[in-house]
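Next come the chains, spelled out residue by residue.
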Amino acid sequence: MSRCRALPGLLLLLLFAESSPMRPGGFPPADVENALWYVWSRYTPAIPSRALASPSMGEDVQAGPHRVYLPLVMRAPSAAPEFRALWVTRFDWTRADGTWARPEMLVAIADQAAAARFNVLLFQVRGVGDAYYAPGYEPWAARLTGTVTRTLGVSPGFDPLRVLLEAAHARGLQVHAYVNVYPTWLCGVGAPPDGLNPPHPFWTFSRTNGRSWSAWRVYDASGMPMNMMTCGSYLWATPAWSGVRDHLRRVVGDLMRRYDLDGVHLDLVRYPGPDYSYDPFTPSFSSPAERAEWQREQVNAMVREISVVVKGIRPQAWVTAAVWGVYQNRWGWPGFRQGYSDYYQDSKRWLREGWVDAIMPMIYPAGPSGNCPDTTVWTLDRFRILVADFLADAGGRYVFPGIHGGYACFQEVLDRIQAARALGAQGVAIFAYGPLSQRGYWDELAAQAFPQPAPLPPLP
C-alpha cells in the first residue's frame, strides 16, 4: 500500500484575479474546506475572517484577488526493494528473575522496529524445545513466567506470537517464526519438568527413540552422549535420528496452520561442532570425508523437509536460515571455523537447490569490542570478502548478511549495511533488538541507514 503525506511548511497558493464579484457567501465551499484543512493540519496561518463571513452579518464581500489554500499531497519517497530484518530473541524481552513477560513489550518492539523502517521481524518462537506461543506440540517456555526451568509449561496469560503478529502487521511489518532447530534443552540445570501436557521433547525423545535413554543426543568421538550437566550451552539432538525431523515438521506445520505467519526462519540448523556425532543412529564410515558428507546430508534433509511443509501450507511464505558466517575458509584466516566442514552445514547448497529463499550469514562477533572501529577479528574488510563469497553462489536466491547491532559506534553498523548494498545484497539482518536498544541506535537507523521505507524484494 502506497503511503502519502502532506509536505509540512509548504503551501500552494493560487491567486485568482477575478473580474466579477464572487457569489454570496464568500469563498466557494470547496475553497473553504481547503483553507480549513490547512488550519486543522497547522500548515497555514488562520483564514481571514472576511473569507468566511456570511452576507447576513453585513459584511461586504470584495472581489478578488483571493487566496485559495489547496492541499498539496505528495507520495512519500520510497527506497528500492530491500529486506530489512531484525532478530528478536527470547532474551530481548523475557527474563528469568521472577518477572513475568508482558504483552505491551511486544507492542513496543513492533513500534520501534517500524519507526526505524525495518520490514521484517524474525521472532523467536522456539528456544530449547519450548514454545513462545500457545502450545501445540511443546510446552510454554519457562522464561515467559520468569524462571529458567521451574515454570516450564505455565501459561503467561497471553499468546506472545499472536500479540506480536497483530502489532507488527498493523505497522506494515512481516513476522517470520524463528526456530532453534536442534537444541533440545539447556546445560547445567538438570532435566526439564516431566509430566507436562504437551510433554517436553527431552522426555518424548528419551522414551520413544527405540535404542536407549540418550540415543537421541549427539555423541562425541569417544562414543559418549552429550552430558546435560557438563555441555556448554545447549543439549543437542542428533540430526541422524528421523524422529527429530518428524517432530520438527509437526512443530513447524502447527505454527503455519494456526498463525498468519509470513515465513519461517531456522537457526542452529547444524551439528554443534566437528567432534559430533557418533550416536547409535550414525553408521560407521571408512573415512572422515565420507562421514562428513553423510552428516551434511542429515542436516540437508531437515532443511528440505521443513521447506516442503512451509510451502505446502503457504506457498508465499519465506523460508530462511541463519548460517555460519564462514562457509569455507579459503583465505587461511587463523581461528575461523567453517560451516561446511566443522558444522556440516552446506548453506550454499540450500540456495542452489531452492530449499530456502534466503540465508543470513552471521558475519559478526559474538560480542563486539568496546572500541571504534571494532577490534575483533570480524573486520569490515573480512565482512566484504565473506558477503561477496556467499553472493557469488546465491543461485538466484538471496543472501542477507547478518550484522551485529551492538558495535560501540553506529558507524560500524552503517558501514556494513552500505558495504552489503554496494556488493549487491538486497537486504540485511540486524542482531538483535536487545543490542540495538542497549546502544540506542533507533534514531540513527531511521536517519542514516533506512531514511526511506522500502518494500520487500519478491520471493525468488
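Refer to the structure printed above.
Note that this is a predicted model, so its numbers are computed, not measured.

Conventions used here
Here the residue numbers are simple positions, counted from 1 along each chain's written sequence. pLDDT decides what is reported in this predicted model: residues at 70 or higher carry local features, side-chain atom pairs at 80 or more are listed and counted, and totals for whole chains, interfaces and linings draw on all residues regardless. Side-chain metrics rest on all non-hydrogen atoms present in the structure, leaving aside hydrogens and water. Only runs of H or I of at least four residues qualify as helices and only runs of E of at least two qualify as strands under DSSP, and these elements are numbered from the N terminus. In this scheme, a residue with accessible area under 20% of its type's maximum is buried, one over 50% is exposed, and one in between is partly exposed, where area comes from a 1.4 Å probe on protein chains only. In this description, a nonpolar core means a group of buried Ala, Val, Leu, Ile, Met, Phe, Trp, Tyr and Cys residues linked to one another through side-chain atoms lying within 4.5 Å. Contact between two residues is taken to exist if any of their heavy atoms lie within 4.5 Å; hydrogens are not considered. The pairing criterion for strands is at least two bridges between them, as found by DSSP. Basic side-chain nitrogens of Lys or Arg form a salt bridge, by our definition, when they fall within 4 Å of a carboxyl oxygen of Asp or Glu. By convention, a crossover is right-handed whenever its connection, traced from the first strand over the helix to the second and viewed with the strands pointing away, goes clockwise.

### Some remarks on unusual backbone geometry
Turning to step 1, where the next piece is worked out: Of note, the amide linkage connecting tyrosine 276 to serine 277 takes the cis form, showing an omega dihedral of 5°.
Turning to step 2, where the next piece is worked out: Its place among the elements puts serine 277 in the loop between β10 (263-267) and α7 (288-313).
Turning to step 3, where the next piece is worked out: Proline 373 follows cysteine 372 through a cis peptide bond whose omega is 5°.
Turning to step 4, where the next piece is worked out: In this fold, proline 373 is placed in the loop between β12 (358-362) and α10 (380-392).
Turning to step 5, where the next piece is worked out: The phi dihedral of arginine 117 is positive, around 70°, even though this residue is not glycine.
Turning to step 6, where the next piece is worked out: Checked against the element boundaries, arginine 117 lands in the loop between α3 (103-115) and β6 (120-126).
Turning to step 7, where the next piece is worked out: If you check the backbone angles, leucine 268 has positive phi at about 50° while not being a glycine.
Turning to step 8, where the next piece is worked out: When its relative accessible area of 12% is taken as the criterion, leucine 268 is described as buried.

### Thoughts on the nonpolar core
Turning to step 1, where the next piece is worked out: Leu86, Trp93, Phe118, Leu161, Leu255 and Leu445 are the most contacted members of the largest nonpolar core, which has 132 residues in total.
Turning to step 2, where the next piece is worked out: Those residues within four positions of tryptophan 93 in sequence are excluded, and the remaining contacts are Val88, Ala101, Met105, Leu106, Ile109, Phe123, Tyr132, Leu144, Phe158 and Pro160.

### Observations regarding the pairing of strand β7 (residues 174-180)
Turning to step 1, where the next piece is worked out: Summarising burial for β7: 6 of the 7 residues are buried, a large majority.
Turning to step 2, where the next piece is worked out: In this structure, β6 lies alongside β7, joined through 6 bridges in parallel fashion. In the sheet register, glutamine 124 faces β7, and the bridge partner there is tyrosine 178.
Turning to step 3, where the next piece is worked out: Of the pairings in the sheet, the one linking β7 to β10 comprises 5 bridges and is parallel in character. Within β10, the position partnered with asparagine 180 by the bridge is aspartate 267.

### What about helix α5 (residues 201-208)?
Turning to step 1, where the next piece is worked out: Those residues of α5 that sit buried are Pro201, Phe202, Trp203, Phe205 and Ser206.
Turning to step 2, where the next piece is worked out: Considering only its buried residues, α5 is in contact with β6, β8 (183-186), β9 (234-236) and α6 (242-258).
Turning to step 3, where the next piece is worked out: A positive phi of about 80° marks glycine 210, the residue just after α5.

### Quick notes on the pattern of salt bridges
Turning to step 1, where the next piece is worked out: Taken as a whole and assessed by the stated rule, the structure comprises 23 salt bridges.
Turning to step 2, where the next piece is worked out: For the salt bridge of aspartate 111 with arginine 171, the shortest nitrogen-to-oxygen distance reads 2.5 Å. Highlighted residues: aspartate 111 in helix α3 and arginine 171 in the loop between α4 (160-170) and β7, separated in sequence by 60 residues.
Turning to step 3, where the next piece is worked out: The partly exposed category is assigned to aspartate 111, whose relative accessible area is 37%.
Turning to step 4, where the next piece is worked out: Overall, arginine 171 belongs to the partly exposed group, its relative accessible area being 28%.
Turning to step 5, where the next piece is worked out: When the shortest N-O distance is used, the salt bridge between arginine 207 and aspartate 194 registers 2.6 Å. You can see arginine 207 sitting in helix α5 and its partner aspartate 194 sitting in the loop between β8 and α5, a full 13 residues away along the chain.
Turning to step 6, where the next piece is worked out: A network of salt bridges, in which partner residues are shared, links Arg245, Asp246, Arg249 and Glu305.

### Overview of the pairing of strand β15 (residues 427-431)
Residues in a regular strand point their side chains to alternate faces of the sheet.
Turning to step 1, where the next piece is worked out: The buried fraction of β15 is high, at 4 of 5 residues.
Turning to step 2, where the next piece is worked out: In this sheet, β15 lies alongside strand β5 (residues 83-88) in parallel orientation, the contact comprising 4 bridges. Bridge pairing links phenylalanine 83 to glycine 427 in β15.
Turning to step 3, where the next piece is worked out: Crossover handedness for the path strand β14 (residues 402-404) to helix α11 (residues 410-423) to β15: right-handed.

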